[in-house]
Amino acid sequence: MVRIRFIQAINTALREEMQRDDKVILFGEDVEASIFGDTRGLIDTFGSRRVRNTPICENTLTGMAVGAAASGYRVVLHMMFANFIYTGFDGIANQMARMRLMSGGQVQLPLTVIASYGGGRSNAAQHSDTPFAPVMNLGGIHVAVPANPADAKGLLKSAIRCNDPVIFLEPGGRGGELGDVPDEEYLTPLGEAAVVRRGGDVTLIGMGSTMRTTLQAADMLAGDGIECEVVDCRSLAPLDEATLCAAAACTGRVIVVDESRDRCSAASHIAAVLADRAFGDLRAPIKRITVPDCSLPYAPASESHLLPDADKIVAAATTLVRAGEVT
Amino acid sequence: MKGNLSPDVSQCLKLLRTMLLIRNAEERLGADFRDGKLPGGVHLSIGQEAVAAGVCAHLDAGDQIASTHRGHGHFLAKGGDPRALFAEIYGKREGICRGMGGSMHVADFSRGIIGANGIVGAGLPIATGAALANQLDGDGQMTVCIFGDGASNQGVLMESLNIASLWQLPLLFVCEHNGFCQFSPAATVTAGTISDRAKPFGIPVEVVDGNDVRAVWRVMAWATDHIRSGQGPAFIEARTYRINNHFEREHLVVTTPYRSEEEVSEWRRDRDPIAQLQQWLRDKSLADDAALAAIADEAAAVVDDSAAFAAAGTVPHANEGAGFMFAGTYS
Ligand SMILES: Cc1ncc(C[n+]2csc(CCOP(=O)(O)OP(=O)(O)O)c2C)c(N)n1
């Protein structure tokens, strides 16, 4: 094991995959200087043929990723902030998600779109979104959301090797976070959730940025004698429904923690899946801890008030478990 | 006008064959639509065949084209299989896209036809990415993006011009200016001269009569030479005219006329690209009536065969779409 930062994990994944396959190219706005540090230094190793700074033109960048991928390259497009996915949405929603079916399976599009998502840093409403819902809904695109350096590296390597489009959403502001990463080569498969903590009282399901708060809450709850089963989705599309259902069945009480706005969130989709597939195992209604239907404000207290945090999870879990004891 | 090479007789006859194939195919598709044989609508390029034929005459199998919702002609001119085109538009499994794409999405990646597109202007970024791939491959291949005058008002045109010029990509922009953006005459929605938009980027441009196939061929000879010799992108604005309605369902949705009958019949009578080439060949004694009739018959026969092939095709089963969403493989 080595202990490395989130951005180093992403950087190493890119480096290893670019070394492995000459067809991997990386482009995006300022990928040389790299605002988040995740692509920094790659230009020195791989040169300006394969690592390119682009102009600011998101709709063209997403379309170009499709054109280059359809023409034999394995493209990594860095979109910087996830809100810019909206700016470049035609290339994503109408082209990369649609082209394989429209061509009757003629073309494969090995491409990965990286973006940093989420709030909590007073970046204000246009740099803080968690756009799980729009991308999960597209079909034709995988959505990977790492919560720690090890999965960031393993998921990104899988994404780059995947012959279908993948949107890789890294939790914003967490680049410096340390985590243990295996020394040897490994891949984290797309579409596989991980059970990261075992417990019999309540099941907490999180993804990406909410895993940290979810695990904090699990620690706090353990202090109160409430043991949590904790699942990290890791991929939102495809969603590992079997693992989520099994984890729900362990306790019969489920809380899904998601930084999306509540309406049509990842959490509401997961709740719908569990209601369909695990209804018989549930002892209480599924709870969602999400962001209310509000844009994220700049002022820190107004912003943090809206985001999922450990206290909200603890309160919800305690209510669920205590309600169960009364009846 | 740029370009000092002209097509020889055999090249002219080939251009005529291509244009007649497109014309026959589209007239048949129009009739098929009216007869209720097509599940969806079609956008026909009748009157615009010289652009497809003249442009694609200069492309090799490995060159790529990105096309538009009005893309049957581009598909055929780039060597797409007429049977597979018809079967696609009939919604059959034998279609080039297995009946999953239909008229607006005809594509044959094995022939460099990287997709018509139902999103106006969306071919521009895709072609830019394909041209980046050509540049990285470094094998002399190029990409052509064909787009309409309406598409020229999308911001992605400027974005693509910028990148193409900045990176000196082997990309040819072909604006197929047919005078209309859906039901709006171009002058009501488009300011200035479209090809002028490329000039500030240092991209050489040429405006050509898009109904004169020999002129289109000549300008293409210049453009492909410019691009293949590594001098970066070029831009051609081909002025033509859409004879048919915007799409074959137009009469059901548009009640106010946006152009005059006389204008349409004038173009049909005086400016038909096929009739003009036939006349020129006759005037120069390069082909007689019998030879020209034989070429026309040949095109009609191909279309008859293609339509029959499509009609006899199989219907995809109800759940066939799901299988085309993902490759499901890893490198
Ligand atoms: C993004 C987008 N906006 C609008 C439309 C509807 N639409 C289809 S074709 C068309 C006109 C396009 O004009 P032009 O680019 O000149 O091509 P033409 O139809 O003349 O061949 C429009 C507005 C669309 N398909 N896509």
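### With respect to the pattern of salt bridges
Summed over the entire model, instances satisfying the criterion amount to 35 salt bridges over all chains. Note that lysine 199 of chain B and aspartate 196 of chain B form a salt bridge whose closest N and O atoms lie 2.9 Å from each other. Salt-bridge contacts for aspartate 270 of chain B lead to arginine 269 of chain B; the nearest nitrogen and oxygen are separated by 3.1 Å. By relative accessible area, aspartate 270 of chain B is classed as partly exposed at 43%. Via salt bridges that share partners, Glu16, Glu17, Arg20, Lys153, Lys157, Arg161 and Glu185 of chain A belong to a single interconnected network.

### Things to note about the sheet that holds strand S11 (residues 228–232) of chain A
All names here are of chain A. Read across the sheet, five strands follow the order S9-S11-S10-S13-S14 without closing on themselves; strand pairing throughout is mixed. Of all the strands in the sheet, just strand S9 (194–197) and strand S14 (287–291) have a single pairing partner and so form its edges. The mean inter-strand angle of the sheet, taken between neighbouring strand axes irrespective of direction, is 25°. Most of the contacts of helix H9 (residues 210–223) go to S11, to which it runs at about 170°, and overall it touches S9, strand S10 (202–206), S11 and strand S13 (254–261). Each of S9, S10, S11 and S13 touches helix H10 (residues 241–251); the most contacted strand, S11, lies at about 170° to it.

### Some thoughts on the interface of chain B and chain A
Across the contact, 40 residues belong to chain B and 46 residues belong to chain A. Summed over both partners, the interface of chain B with chain A comes to about 3,500 Å²; 62% of that surface belongs to carbon and sulfur atoms. On the chain B side of the contact with chain A, Phe109, Leu136 and Ser331 of chain B bury the most area, a combined 19% of that side's loss. Here chain B is connected to chain A by one salt bridge. Here lysine 23 of chain A ties to aspartate 137 of chain B by a salt bridge, and the two come within 3.5 Å at their closest N and O atoms. At the junction of chain B with chain A, the criterion picks out 17 residue pairs in polar contact (both at pLDDT 80 or more). Mapped by element, the contributors of at least two residues to the side of chain B that touches chain A are helix H5 (123–137) and helix H6 (155–166) of chain B.

### Digging into the domain arrangement of chain A
Residues and elements named next belong to chain A. For chain A, the assigned domains read domain 1 (2–181) and domain 2 (194–326). With centres defined by C-alpha atoms, the gap from domain 1 to domain 2 works out at 27 Å. Taking both sides of the interface into account, the surface hidden between domain 1 and domain 2 amounts to around 2,000 Å²; carbon and sulfur atoms contribute 53%. Among the residues of domain 1 in contact with domain 2, Ser122, Met136 and Arg174 are the three that bury the most area, contributing 26% of the side total.

### Overview of the pairing of strand S6 (residues 205–209) of chain B
Residues and elements named next belong to chain B. Relative to strand S7 (residues 234–239), S6 runs parallel, the two being bridged by five bridges. Across the sheet, residue glutamate 206 finds its bridge partner in S7, namely isoleucine 236. Handedness of the S6-helix H8 (residues 213–228)-S7 crossover: right-handed.

### A few points about the packing of helix H3 (residues 58–70) of chain A against H5 of chain B
Two numbers describe how H3 of chain A lies on H5 of chain B: the axes approach to 6 Å, and their chain directions differ by 50°. By the angle class used here, H3 of chain A and H5 of chain B are oblique. Helix-helix and strand crossings are classified by hand; for H3 of chain A and H5 of chain B the assignment is right-handed. Residue-level inspection shows Asn59, Thr60, Gly63, Met64, Val66, Gly67 and Ala68 of chain A of H3 of chain A in contact with H5 of chain B, the latter providing Pro125, Ile126, Thr128, Gly129, Ala130, Leu132 and Ala133 of chain B.

### Quick notes on the nonpolar core
Core analysis: the largest hydrophobic core is formed by 143 residues, its most contacted members being Leu169, Leu236 and Leu274 of chain A together with Leu172, Phe173 and Phe235 of chain B. If you tally residues by element for this core, the top one is H5 of chain B, at eight residues. Residue contributions to this core reach at least three from each of two domains, namely domain 1 (2–181) and domain 2 (194–326) of chain A. The contacts of leucine 274 of chain A, once residues within four sequence positions are left out, are Ile205, Leu244, Cys245, Ala248, Val254, Phe279, Leu282 and Ile286 of chain A. Membership of the second largest hydrophobic core comes to 29 residues, among which are Ala13, Val31, Ala152 and Leu190 of chain A.

Cut-offs applied
Counting starts from 1 at the beginning of each chain's written sequence and moves along it residue by residue. Going through the entries in the order they are written, you letter the chains from A and number the ligands from 1. Per-residue local features of the predicted model are confined to residues with pLDDT of at least 70, and side-chain atom pairs are confined, for both listing and counting, to 80 or more; whole-chain, interface and lining totals are unaffected and use all residues. Each side-chain value is derived from all of the structure's non-hydrogen atoms; neither hydrogens nor water enter the calculation. By definition, a salt bridge exists where a carboxyl oxygen of Asp or Glu is found within 4 Å of a side-chain nitrogen of Lys or Arg. Note on exposure labels: buried denotes an accessible area under 20% of the residue type's maximum, exposed denotes more than 50%, and partly exposed covers the range between, all computed with a 1.4 Å probe on protein chains only. By this definition, two strands are paired if DSSP reports at least two bridges between them. Numbering of helices and strands runs from the N terminus, with a helix taken as a DSSP run of H or I at least four residues long and a strand as a DSSP run of E at least two residues long. Throughout, an axis means a line fitted to C-alpha atoms (over the contacting stretch in the case of helices), and angles, computed between N-to-C directions, take values from 0 to 180 degrees. By definition in these notes, contact holds between two residues if any of their heavy atoms fall within 4.5 Å. Note on terms: buried area is the combined drop in 1.4 Å-probe accessible area of two parts once they are placed together, counting the loss on both. Throughout this description, a polar contact denotes any pair of N or O atoms lying within 3.5 Å of each other; where both atoms belong to protein, one of them has to be capable of donating a hydrogen while the other can accept it, and for residues adjacent in sequence the pair is counted only when both atoms sit in side chains. Residue ranges for the domains trace back to a domain assignment, done automatically or taken from a database. Handedness of a crossover is defined as follows: orient the strands so they point away from the viewer, and if the path from the first strand over the helix to the second runs clockwise, the crossover is right-handed. Note on angle classes: values under 35 degrees are labelled roughly parallel, values over 145 roughly antiparallel, values of 65 to 115 roughly perpendicular, and the remainder oblique. Each crossing is labelled by how the near helix is turned from the far one, with a counterclockwise turn of less than a right angle marking it left-handed and a clockwise turn marking it right-handed. In these notes, a set of buried Ala, Val, Leu, Ile, Met, Phe, Trp, Tyr and Cys residues joined through side-chain atoms within 4.5 Å is what counts as a nonpolar core.

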